[in-house]
Amino acid sequence: METFSITSQTDLIGIVPHVLGYPPADSLVVLTTARAADGARLLGVCMRLDFDLVTAAAVDRATASALAGSLCEADTVECAYPILYSDALAEALGHGSGPAEPGAAEILRTGVERVCDALQAAGLEVSAPVWVGRGLRAGLCDGGAAEALPGLSAAVASHMAEQGSRVSEDFGHAAALPEPPAQLLAEVAVLRAASPDALALLAAVLSDAVAVYDVARSAPGSARPVPSAAAVLAFEELTDDLWVRDLLQMVLGFEHPQLGPERLRSMTAEEFTVEIVEAEDRIALAAQMAGLSEVRPDMQLAEAGVDYLRAVAGAVALSALPAVLAMLAWAEWARARHSFAAHYAQAALALDPDYSLAQLMLRASEAGMPPAWMRG
């Protein structure tokens, strides 16, 4: 994937919707930079916090320290860039037509300052916070004049869009499952009635995984993946076996050293069953899956895997949906998108309150537990 240099505040603000997948509202976003092995400074993890007036007022020093500690578990993080997205603050500063909430500016500033103080206390270099609201931006604490917001016209954001990065209208649209094509549903119904054997279904998922990987590498963002009918049925029929479910999770991470696309190209479903499904050292295999591996995932490939699982979730029978939603929760947690992970985990638990993987992912997301690659 092509890389780009971030050289200005405009670039930082412009990339936030691409990093999150949607434009934030009533949120404190903390972008970070990290130091690569070669010494280069790279965009690091991103933390988004709900930050309306009620939440901001509740941020005390202990809460701020806990938030900073979660972010700083990524041991390569060096610098933090806080951006407050708040129309309420813009209105409090006279930049809106609606009535301002009494004390809004002081509440929001104090909350952000406590988070910034905690980040500094944790050893990070913290940039002066800025606010964005009502199409404007300005420094949060310096009293500077507000300027029109360039937004998605920022150069880096434009480059990211050209590379296939997508921005939804809001979180709800970003997390919504896609509507499956009618033809796919019809094909799934026919196959379901035919009761194909498990090896044929497994072969379909492996073939889909290689195809999704190839598109992600050759034409990122060109189109959202559409699973084959047999692959959809595979998720219905095979994920009751929790080990097979976890193996499919590993395959769709695309970077597992023993289950990568290049190996899958030459592996039949029979060979996969003998060499992988029936492998004795399951713990060693699982330790290298995305989220548990200390290797930072390729975010372009991770997004392709999430898009594929979302497409599957939109097409599977209701009985299989908790498993696929829990897999989605894991995939989102593995790329440090806790809000999405919690959303999919909650959706799975609404259907099956006892689904253990969804319970695990909801606890991890709500606690801010980072994936292993962030902990270093």
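Placed above this text is the structure.
Residues numbered from 1 in each chain as written. Predicted model: local features only at pLDDT ≥ 70, side-chain atom pairs only at ≥ 80, totals over all residues. Heavy atoms only, no water.

The next point concerns the overall build of the chain. The secondary structure content of the chain amounts to 19 helices and 7 strands. Here the chain has a C-alpha radius of gyration of 22 Å; the compact-globule value for 376 residues is 21 Å, and the two agree. The dimensions of the chain, computed from C-alpha atoms along their principal axes, are 65 × 45 × 40 Å. Counting all 376 residues of the chain, 49% fall into the buried class. For the chain, restricting intrachain contacts to residue pairs at least 6 apart in sequence, the fraction spanning at least 24 positions comes to 73%. As presented, the chain carries roughly 16,800 Å² of accessible surface, and 54% of it is formed by carbon and sulfur atoms. (Helix = DSSP H or I, 4+ residues; strand = E, 2+ residues; numbered from the N terminus. Rg over C-alpha atoms; globule rule 2.2 N^0.38 Å. Buried < 20%, exposed > 50% of the residue type's maximum accessible area, 1.4 Å probe, protein only. Contact = heavy atoms within 4.5 Å. Areas by Shrake-Rupley, 256 points an atom, 1.4 Å probe, with all protein chains shown as cover.)

The subject of this paragraph is the packing of aromatic side chains. Applying the stated criterion to the full structure yields 6 aromatic pairs. Ring geometry for Tyr 22 and Phe 171: centres 5.5 Å apart, planes at 80°, overall edge-to-face. Of this pair, Tyr 22 sits in the loop between helix 1 (9–20) and strand 1 (27–35) while Phe 171 sits in helix 7 (residues 171–175); the two residues are 149 residues apart in sequence, bridging distant segments of the chain. With relative accessibility at 6%, the residue Tyr 22 sits in the buried group. The class of Phe 171 is partly exposed, set by a relative accessible area of 24%. Through a chain of ring-to-ring contacts, three or more aromatic side chains come together here, namely Tyr 22, Phe 171 and Phe 340. One Lys or Arg, Arg 337, reaches over the ring of Phe 340 and ends 4.0 Å from the middle of that ring. (Phe/Tyr/Trp six-rings, centres within 6.5 Å; stacked < 30°, edge-to-face > 60°. Lys NZ or Arg CZ within 6 Å of the ring centre and 35° of its normal.)

Moving on to helix 15 (residues 299–313). With 15 residues, helix 15 extends 21 Å between its outermost C-alpha atoms, agreeing within 8% with the 21 Å of an ideal straight helix rising 1.5 Å per residue. Taking burial as the measure, the 15 residues of helix 15 include 13 buried ones, the bulk of the element. The N-terminus of helix 15 is capped by Asp 298, whose side-chain oxygen sits 2.9 Å from the backbone nitrogen of Gln 300. (Expected span 1.5 Å × (residues − 1). Polar contact = N/O pair within 3.5 Å; in protein donor to acceptor, adjacent residues only side chain to side chain.)

Another aspect to go through is the pairing of strand 5 (residues 130–133). Residue alternation in strand 5 divides its side chains into two sets, Val 130 and Val 132 and Trp 131 and Gly 133, and both sets are buried. Across 3 bridges, strand 3 (residues 77–85) lies against strand 5 in parallel orientation. Bridge assignment links Ile 83 to a residue of strand 5, and that residue is Val 130. Pairing analysis gives 4 bridges linking strand 5 to strand 6 (residues 136–139), with the strands arranged antiparallel. Within strand 6, the position partnered with Gly 133 by the bridge is Leu 136. Between strand 5 and strand 6, which pair antiparallel and follow one another directly, the connecting turn spans 2 residues, one of which, Arg 134, has a positive phi of 50°. (Pairing = 2+ DSSP bridges.)

Let's shift gears to the side chain of Glu 91. Examined against the element boundaries, Glu 91 turns out to sit in helix 4 (residues 87–92). Taking the relative accessible area as the measure of exposure, Glu 91 reaches 17% and is therefore buried. Not counting the four nearest positions on each side in its chain, Glu 91 is found in contact with Gly 96, Pro 99, Ala 100 and Arg 134.

Following the sequence through the fold, Ala 372 ends up in helix 19 (residues 372–375). Spatially, the C-alpha atom of Ala 372 lies 9.9 Å from that of Ala 336, the residues being 36 residues apart in sequence. In this view, Ala 372 contacts Gly 291, Leu 292, Ser 293 and Glu 294; residues no more than four positions away in its chain are not counted.

Running from N to C, helix 9 (residues 198–218) and helix 10 (residues 229–238) point in directions that differ by 120°, and their axes come no closer than 8 Å. Taken together, the axes of helix 9 and helix 10 are oblique relative to one another. The two elements helix 9 and helix 10 cross, and the hand of that crossing is left-handed. Residues Ala 198, Leu 201, Leu 202, Ala 204, Val 205 and Asp 208 of helix 9 lie in contact with helix 10, whose contacting residues are Ala 230, Ala 231, Leu 233, Ala 234, Phe 235, Glu 237 and Leu 238. The residue inventory of the contact of helix 9 with helix 10, partitioned by class, reads 11 nonpolar, no polar and 2 charged. (Axes fitted to C-alpha atoms, helices over the stretch in contact; angles between N-to-C directions. Parallel < 35°, antiparallel > 145°, perpendicular 65-115°, else oblique. Left-handed = near helix turned anticlockwise from the far one by under 90°. Nonpolar A, V, L, I, M, F, W, Y, C, P; charged D, E, K, R; others polar.)

General note: in soluble globular proteins, nonpolar side chains tend to be found buried as a group. Ranked by internal contacts, the top residues of the largest apolar core, which has 91 residues, are Leu 31, Phe 235 and Phe 272. Of the residues forming this core, the biggest block, 12 residues, is contributed by helix 16 (residues 321–334). Not counting residues up to four positions away in its chain, the partners in contact with Phe 272 are Leu 202, Leu 206, Leu 247, Val 251, Leu 259, Leu 264, Met 267 and Val 277. Counting residues in each nonpolar core, the second largest holds 32 residues, with Val 30, Val 77, Leu 108 and Met 374 among its members. (Core = buried A, V, L, I, M, F, W, Y, C linked by side-chain atoms within 4.5 Å.)

Moving on, we come to the pattern of salt bridges. Under the definition given, this model contains 13 salt bridges. The salt bridge partner of Arg 134 is Glu 91, with a shortest N-O separation of 2.2 Å. Of this pair, Arg 134 sits in the loop between strand 5 and strand 6 while Glu 91 sits in helix 4; the two residues are 43 residues apart in sequence, bridging distant segments of the chain. Given the relative accessible area of 44%, Arg 134 is considered partly exposed. (Salt bridge = Lys/Arg side-chain N within 4 Å of Asp/Glu carboxyl O.)

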